[in-house]
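# Breakdown of the fold
Take a look at the letters that make up each chain.
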Amino acid sequence: MRTTATIYMLTGISIGTIMVTSSNSWMLAWLGLELNSFAILPLISKTKHPRSIEAATKYFLTQSTASCLILFASTINAWQTGTWTVTQMPDKLPSTLMLIALTMKMGAAPMHLWLPEVMQGTTLLTSLLISTWQKIAPMVLIFTTSNHLPSNITLMMGLLSTYLGGWGGMNQTHLRKMMAFSSIANMGWTLMTLTSEPKVSMINIMTYMLLTTPTFILLAQTSTKTLQDMTTMWTTSPTSSITLTFLLLSMAGLPPLTGFMPKLLILNELISQNMTAISIATTMASLLSLIFYLRISYLTSLLNTPSSSTSTTKWRQNMNNLKMTQMAPTAVMSTTALPTLYP
């Protein structure tokens, strides 16, 4: 029964995203976003724990507020232009309200405070859905309206997201909250070139989803939830420890791994637009994120030798071979795709 309900909810999430990506009307896009939000609520609260119920409540209130803003902005736009078409939003007021609403749905600063709490209150695999699949629908709408969005506000939100994501992740010991702040910082990088070069922003968000998917699967397979659990991962599964280290360094944007490519493209675009000061500030913000990525990598692969352990050793996990086989191609692409994506 539980498996059937999960499949039903995942189908609802998929249908909602497909409705948004294929729609040309704000009403149909709004309906798809609502279906997407309501379908994931049972998955967030399925663990029957007060923290998960709290996370589902916060997610519902935040997404409902964003949906109201979307409906309000699209109504103003329809009143001014006489059409509900997504691509026609020439006025500054509805475009600004739409940007605020969609970034609230994705968890970008300054409307980001719900994301760490929601991801901490649910399971690792549901957190994977929230940080990857649930961003597709609002990102498609943002890309569709990118030529009408206010560039100054978008740049401010992007720069603020990179700094708050880096600062917030430095003080965390729970990996789900750390990955949430990593998502916030990455959304900042995506917003930096949204109005000037949307294709680069698309490459960045797709690369981040490619990196995040095997990372969450590895954490779920090894039952790793805190930094203390990371110290015993080598004794549990050395292969997973090495793979996770490369994935985290790739998310940090270190060359020659895959995560370096979209950051290089974004910085190149900012400099070509004569925004050198903003590119320098964004580069400095990435150092904040690099700190907690390196801290996790150190605890995973460098703290303990293979023959000793400074903390209680967990029993060796029984890995699901099917899931690990499905994860392998994604993990390889996450760490070695740089030569093919950026010749």
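Refer to the structure above for everything that follows.
Here's a quick rundown of the structure. Everything quoted here is computed from the prediction, not taken from an experiment.

Procedures and definitions
- Position numbers for residues start from 1 in each chain and track the written sequence from start to end.
- Owing to the predicted nature of the model, reporting of local features is limited to residues with pLDDT of at least 70; listing and counting of side-chain atom pairs is limited to 80 or more, with chain, interface and lining totals taken over all residues.
- Processing note: side-chain calculations cover all non-hydrogen atoms of the structure and skip hydrogens and water entirely.
- Every helix listed is a DSSP run of H or I at least four residues long, and every strand listed is a run of E at least two residues long, numbered separately from the N terminus.
- The rule is simple: take the accessible area with a 1.4 Å probe, protein chains only, and divide by the maximum for that residue type; under 20% is buried, over 50% is exposed, in between is partly exposed.
- Methods summary: accessible areas were calculated by the Shrake-Rupley approach with a probe of 1.4 Å, and residue burial reflects only the protein chains presented.
- Axes here refer to lines fitted to C-alpha atoms; in helices the fit is confined to the stretch in contact. Angles between the N-to-C directions go from 0 to 180 degrees.
- By the definition adopted for this analysis, an angle is roughly parallel if under 35 degrees, roughly antiparallel if over 145, roughly perpendicular if from 65 to 115, and oblique otherwise.
- Each helix crossing is assigned a hand: it is left-handed if the near helix lies turned anticlockwise from the far helix by less than a right angle, otherwise right-handed if that turn is clockwise.
- What makes two residues a contact is simply this: any of their non-hydrogen atoms within 4.5 Å.
- Under the scheme applied here, ten amino acids are nonpolar (Ala, Val, Leu, Ile, Met, Phe, Trp, Tyr, Cys and Pro), four are charged (Asp, Glu, Lys and Arg), and all others, including Gly, are polar.
- We define the nonpolar core as a collection of buried residues of types Ala, Val, Leu, Ile, Met, Phe, Trp, Tyr and Cys that are connected through side-chain atoms lying within 4.5 Å of one another.
- The split into domains, and so the bounds of each, comes from an automatic or database assignment of domains.
- Aromatic rings from Phe, Tyr and Trp, with only the six-membered ring used for Trp, were paired whenever their centres fell within 6.5 Å, and each pair was classed as stacked if the ring planes differed by under 30 degrees, edge-to-face if by over 60, and tilted otherwise.
- Criterion for a charge above a ring: Lys NZ or Arg CZ within 6 Å of the ring centre, and within 35 degrees of the ring normal.
- Salt bridges are defined by distance alone: a side-chain nitrogen of Lys or Arg within 4 Å of a carboxyl oxygen of Asp or Glu.
- The term polar contact refers here to a pair of N or O atoms within 3.5 Å; inside protein, the definition further demands a hydrogen-donor-capable atom paired with an acceptor-capable atom, and it admits residues adjacent in sequence only when both atoms are side-chain atoms.

## Considering the overall build of the protein chain
When helices and strands are tallied, the protein chain shows 17 helices and 0 strands. Every one of the 343 residues in the protein chain was classed for burial, and the buried ones make up 54%. Surface accessibility of the protein chain: about 15100 Å² in total, with carbon and sulfur atoms responsible for 67%.

## Details of the packing of helix α4 (residues 92-106) against helix α7 (residues 136-144)
Remark: α4 packs on α7, axes separated minimally by 9 Å, with the N-to-C direction vectors making an angle of 155 degrees. With respect to each other, α4 and α7 are oriented roughly antiparallel. Handedness of the crossing formed by α4 with α7: left-handed. Here L102, T103, K105 and M106 of α4 come into contact with α7, specifically with P138, M139, L141 and I142. Of the residues contributing to the contact of α4 with α7, the split by class is 6 nonpolar, 1 polar and 1 charged.

## Some details on the nonpolar core
Counting 42 residues, the largest nonpolar core has I44, I130 and M230 as the members making the most contacts within it. Residue contributions to this core reach at least three from each of two domains, namely domain 1 (1-122) and domain 2 (150-336). Formed by 31 residues, the second largest nonpolar core is a distinct cluster that contains L102, M106, A108 and L141.

## A few points about the packing of helix α3 (residues 50-81) against α4
Packed helix pairs are specified by the crossing angle of their axes together with the interaxial distance, meaning the distance between the axes. Running from amino to carboxyl end, α3 crosses α4 at an angle of 160 degrees, the nearest separation of the two axes being 8 Å. If you check the angle between α3 and α4, you find them roughly antiparallel. As for how α3 packs across α4, the hand of that crossing is left-handed.

## Brief notes about the packing of aromatic side chains
Going through the model one piece at a time under the given rule, you end up with 4 aromatic pairs. Geometrically, the ring pair formed by Y163 and W167 is tilted, given 5.3 Å between the ring centres and 45 degrees between the ring planes. Taken as a pair, Y163 and W167 lie in helix α8 (residues 151-170) at a separation of 4 residues, close to a single helical turn. Taking NZ or CZ as reference, K263 lies 5.4 Å from the ring centre of W189, over its face.

## Description of the environment of K225
With respect to the helices and strands, the residue K225 is situated in the loop between α10 (198-221) and α11 (227-230). Put simply, K225 and R176 are 49 residues apart on the chain and 6.9 Å apart in space, counted from C-alpha to C-alpha. Ignoring sequence-local partners within four residues, the contact set of K225 consists of H174, L175 and R176.

## Quick word on the pattern of salt bridges
Side chains that differ in sign of charge can pair as their charged atoms come close. Applying the stated criterion across every chain yields a total of 3 salt bridges. A salt bridge links E117 to K58, with the shortest nitrogen-to-oxygen separation between them at 3.8 Å. Of this pair, E117 sits in helix α5 (residues 114-120) while K58 sits in helix α3; the two residues are 59 residues apart in sequence, bridging distant segments of the chain. Salt-bridge contacts for E117 lead to K177; the nearest nitrogen and oxygen are separated by 3.5 Å. Residue E117 is found in helix α5, and its partner K177 is found in helix α9 (residues 175-192); the two are separated by 60 residues along the sequence. On the accessibility criterion, K177 (18% relative accessible area) is buried.

## A closer look at the environment of T215
Relative to the helices and strands, T215 is located in helix α10. Judged by relative accessible area, which is 1%, T215 ranks as buried. The spacing of T215 and S240 is 25 residues in sequence and 9.8 Å in space, taken between C-alpha atoms. Among all residues touching T215, those that are not within four sequence positions of it are M179, L244, L247, L248 and M251. At 2.9 Å, the side chain of T215 forms a polar contact with the backbone oxygen of L211.

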